[in-house]
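Spelled out from the first residue to the last, the chains are:
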Amino acid sequence: MKPTTVECESLDSVETERSSLRHVCDDISLDIFLVAVAELAERFTYRSLTAPMQNYIQNARDDPMHPGALGMGQKLATGMNYSFVGWCYFAPILMAIVADTFLGRFNTIVLGTGFSAAGVLILFVTSLPVSLENGAGLPGLMAALALVGLGTGAIKSNVAPLIAEQYAGRPERLKTLKSGEQVLVDPSVTTQTIYARYYWVINLGALSVLPVSWIELKVDFWAAFMLPLCFWTLAMLALLAGRTRYIVRPPQGSAIIKAMRVLWIGIKNKGNLEAARPSLLEKAGVSVSWDGIFVDELKRALVACRVFPIYWICNGQGNSNLVSMAASMDTHGIPNDMMGCFNPITILLAIPLFECFIYPGLRRYNIAFHPISRITAGFFVAACAMALAGGLQELIYETSPCQRNPTADGCEGATPARKISVFLQIPVYSLIGISELLAMLSGMEYAYTKAPQSMRSVIMALFLMTGAVGSSLGISLSSVSVDPRVLVEYVSLSATMLVAAIVFFLCFRKYSRIEKSMNMLVEVDGPKDSLDTDDASRLEKQ
């Protein structure tokens, strides 16, 4: 449908009016979101696995209170859960190299759907009663998680950049609406909107926790795992239908190897990436294949990645310890791993609210809410979620003393009192969802917009790899994921996240002041001096 607005003259002639104009999103074709069905299926599968995984690993098959299969305990279940999440966020590095060097983004996404479908098929077969009885449950789970992780890496590192690249970024320009109002079409607002709508679409897939949890409880795990297996058919059909509708660039070689070398030099020099500048390395007799511009681009794009590992530990509680907590609460007959559905439900409700009311309202009154500020707000919300989880855990201990001290006299083998309603977990999951919307989505947007075209898969993969780092830290905490030490874990995570939010804002708020200049990074085949002198010098010092 043709736009109903009238194009006006270039912004250059009316620069003095810029601050008084309302910033709006450009027209976005719905066709560009067709490839998002692949990530919708990936989210559907991810939640279909992580939601029942804690029960599948922790509880025994003959547990009279909860569904189970392997009976390996809460510590190991939490550790394996974090391991799977970590693998899902490390695999994007590998698959970004495949996309940039060999297959291109679209073909790598197709390969990822094949990996994921094969992994879910293995899990379905090995979770059948006859397979579990013959010891195939654990090896089948390991093989399935490995393949699904590869599929997740292929899809996650390429879908978001592919979608964003379909918007042919035009410079800021004026439009006159039918109402007569003159507005400013802002590419940064358009990119923010594209990522928000993309995130909304994929969180539809996260609602799979609703049917999967019920099927797990009422039928069995094999039936729950069959659901995502069927869903991948839809993803393959959508990719087939959209294969001719996208701007698909051929692979041009991966910058990941160079980026990893720069990062390694920075790590060896206590986190100082300036040590990787060719001018300094040449003095030491070391020749490298990158230039100073590459180091600058990498530094700018990695701003959002600094403290996200801590955030990922907090986010991962929703698939692990909060599920175990729900098992000790009054579930009112619903599955204990079903409460995670309130995370995507919150996101699905909040995105239209933010897009239609909160963000436009802030822009109307010229209140800047740049990505750095949104990420900081997300960290604060995550800290509140962990504090609330700690409060719930303390409330459970007060009504069920044997959980606080399982080794006390008369407590051995005692079942939890289950006097606290599981619905009190809804605010915790809702806060985690809001924190995702503010922190994770803004982090993805920031990483993308601050990277040139040649490095977008690299930066997206590095940003996602912070999830792997966070999951590794989560694995180290799995030893305290038992009563009563789990309460200390919640309180510690809340305090750490609060400190991280404050430190992040104080260290990186300076980037909000030069947001526009940082968004002016040019593509690989363009000139390299697009930043003005003052901004370039400030970035050089940072």
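Structure: above.
Keep in mind it's a predicted model, so treat the numbers as computed, not measured.

1. Details of the overall build of the protein chain
Thought 1: Within the protein chain one finds 22 helices and four strands.
Thought 2: Put simply, the protein chain has 542 residues, and 55% of those count as buried.
Thought 3: Summed over all atoms, the accessible surface of the protein chain reaches about 22300 Å², with 64% contributed by carbon and sulfur.

2. Thoughts on the environment of Arg418
Thought 1: Summarising the element assignment, Arg418 is placed in the loop between α16 (401-404) and α17 (426-449).
Thought 2: Those residues within four positions of Arg418 in sequence are excluded, and the remaining contacts are Met65, His66, Ala327, Ser328, Met329 and Asp330.
Thought 3: Here His66 takes part through its side chain, which lies 3.5 Å from a polar atom of the side chain of Arg418.

3. Thoughts on the packing of helix α15 (residues 371-399) against α17
Thought 1: Direction vectors running N to C along α15 and α17 enclose 155 degrees, while the axes themselves pass 8 Å from each other. Taken as axis vectors, α15 and α17 run roughly antiparallel relative to one another. α15 and α17 meet at a crossing whose hand is left-handed.
Thought 2: Here the contact of α15 with α17 is composed, by residue class, of 21 nonpolar, four polar and two charged.

4. Overview of the pairing of strand β4 (residues 182-185)
Thought 1: Alignment of strand β2 (residues 22-24) against β4, held across three bridges, turns out to be parallel. Directly across from Arg22, in β4, lies its bridge partner Val183.
Thought 2: Alignment of strand β3 (residues 173-176) against β4, held across four bridges, turns out to be antiparallel. Considered in β4, the bridge of Thr176 is made with Gln182.
Thought 3: With antiparallel pairing between neighbouring strands as the criterion, β3 and β4 make up a hairpin whose turn holds five residues, including Gly180 at a positive phi of roughly 95 degrees.

5. Description of helix α8 (residues 221-242)
Thought 1: Here α8 spans 33 Å end to end across 22 residues, near enough to the 32 Å set by a 1.5 Å rise per residue.
Thought 2: For α8, the set of buried residues is Phe221, Ala223, Ala224, Phe225, Pro228, Phe231, Trp232, Ala235, Ala238, Leu239 and Gly242.
Thought 3: In the core, the buried residues of α8 are packed alongside α1 (36-58), α3 (105-126), α5 (137-165) and α7 (209-218).

6. Examining the nonpolar core
Thought 1: Core analysis: the largest hydrophobic core is formed by 134 residues, its most contacted members being Ile163, Tyr195, Tyr198, Trp290, Phe379 and Leu462.
Thought 2: Once residues lying within four places of it in the same chain are set aside, the contact partners of Ile163 are Ile32, Phe33, Val35, Ala36, Ile194 and Tyr198.

7. Considerations on helix α6 (residues 187-205)
Thought 1: Its 19 residues place the ends of α6 28 Å apart at the C-alpha level, agreeing with the 27 Å of an ideal helix rising 1.5 Å per residue.
Thought 2: Burial analysis of α6 places 14 of its 19 residues in the buried class, which makes it a mostly covered element.

8. Brief notes about the packing of aromatic side chains
Thought 1: Per the counting criterion, the structure on display carries 17 aromatic pairs.
Thought 2: Relative to Trp312, the ring of Tyr311 lies with its centre 6.3 Å away and its plane at 70 degrees, an arrangement referred to as edge-to-face.
Thought 3: Residue classification places Trp312 among the buried residues on the basis of a relative accessible area of 5%.
Thought 4: Here the aromatic cluster, defined as three or more aromatic residues joined through ring pairs, consists of Tyr89, Phe308, Tyr311, Trp312, Phe379, Phe504 and Phe508.
Thought 5: Over the aromatic face of Tyr46 sits the side chain of Arg43, whose NZ or CZ is 4.1 Å from the ring centroid.
Thought 6: In this structure, Lys258 is placed above the aromatic ring of Phe294, and the distance from its NZ or CZ to the ring centre is 4.8 Å.

9. Focus: the packing of helix α2 (residues 74-103) against α3
Thought 1: In the contact formed by α2 and α3, the axes pass within 8 Å of each other and the chain directions differ by 130 degrees. In terms of their interaxial angle, α2 and α3 are classed as oblique. Once α2 is placed against α3, the crossing between them reads as right-handed. Mapping the contact onto sequence places Met95, Val98, Ala99, Asp100 and Leu103 in α2 and Arg105, Asn107, Thr108, Leu111 and Phe115 in α3.
Thought 2: Across the contact of α2 with α3, the residue classes tally to six nonpolar, two polar and two charged.

10. Some words on the side chain of Thr108
Thought 1: By the element assignment, Thr108 lies in helix α3.
Thought 2: Among the polar contacts listed, one links the side chain of Thr108 to the backbone oxygen of Gly104, at a separation of 2.6 Å.
Thought 3: When neighbours within four sequence positions are excluded, Thr108 is seen to be in contact with Met95, Val98, Ala99, Leu103, Ala154 and Asn158.

11. Focus: the environment of Thr193
Thought 1: Within the secondary structure, Thr193 sits in helix α6.
Thought 2: When the C-alpha atoms of Thr193 and Ile28 are compared, they prove to be 9.1 Å apart, with 165 residues separating the residues in sequence.
Thought 3: When near neighbours in sequence (up to four residues on either side) are disregarded, Thr193 contacts Cys25, Ile28 and Glu355.

Basis of the calculations
- Residues numbered from 1 in each chain as written.
- Predicted model: local features only at pLDDT ≥ 70, side-chain atom pairs only at ≥ 80, totals over all residues.
- Heavy atoms only, no water.
- Helix = DSSP H or I, 4+ residues; strand = E, 2+ residues; numbered from the N terminus.
- Buried < 20%, exposed > 50% of the residue type's maximum accessible area, 1.4 Å probe, protein only.
- Areas by Shrake-Rupley, 256 points an atom, 1.4 Å probe, with all protein chains shown as cover.
- Contact = heavy atoms within 4.5 Å.
- Polar contact = N/O pair within 3.5 Å; in protein donor to acceptor, adjacent residues only side chain to side chain.
- Axes fitted to C-alpha atoms, helices over the stretch in contact; angles between N-to-C directions.
- Parallel < 35°, antiparallel > 145°, perpendicular 65-115°, else oblique.
- Left-handed = near helix turned anticlockwise from the far one by under 90°.
- Nonpolar A, V, L, I, M, F, W, Y, C, P; charged D, E, K, R; others polar.
- Pairing = 2+ DSSP bridges.
- Expected span 1.5 Å × (residues − 1).
- Core = buried A, V, L, I, M, F, W, Y, C linked by side-chain atoms within 4.5 Å.
- Phe/Tyr/Trp six-rings, centres within 6.5 Å; stacked < 30°, edge-to-face > 60°.
- Lys NZ or Arg CZ within 6 Å of the ring centre and 35° of its normal.

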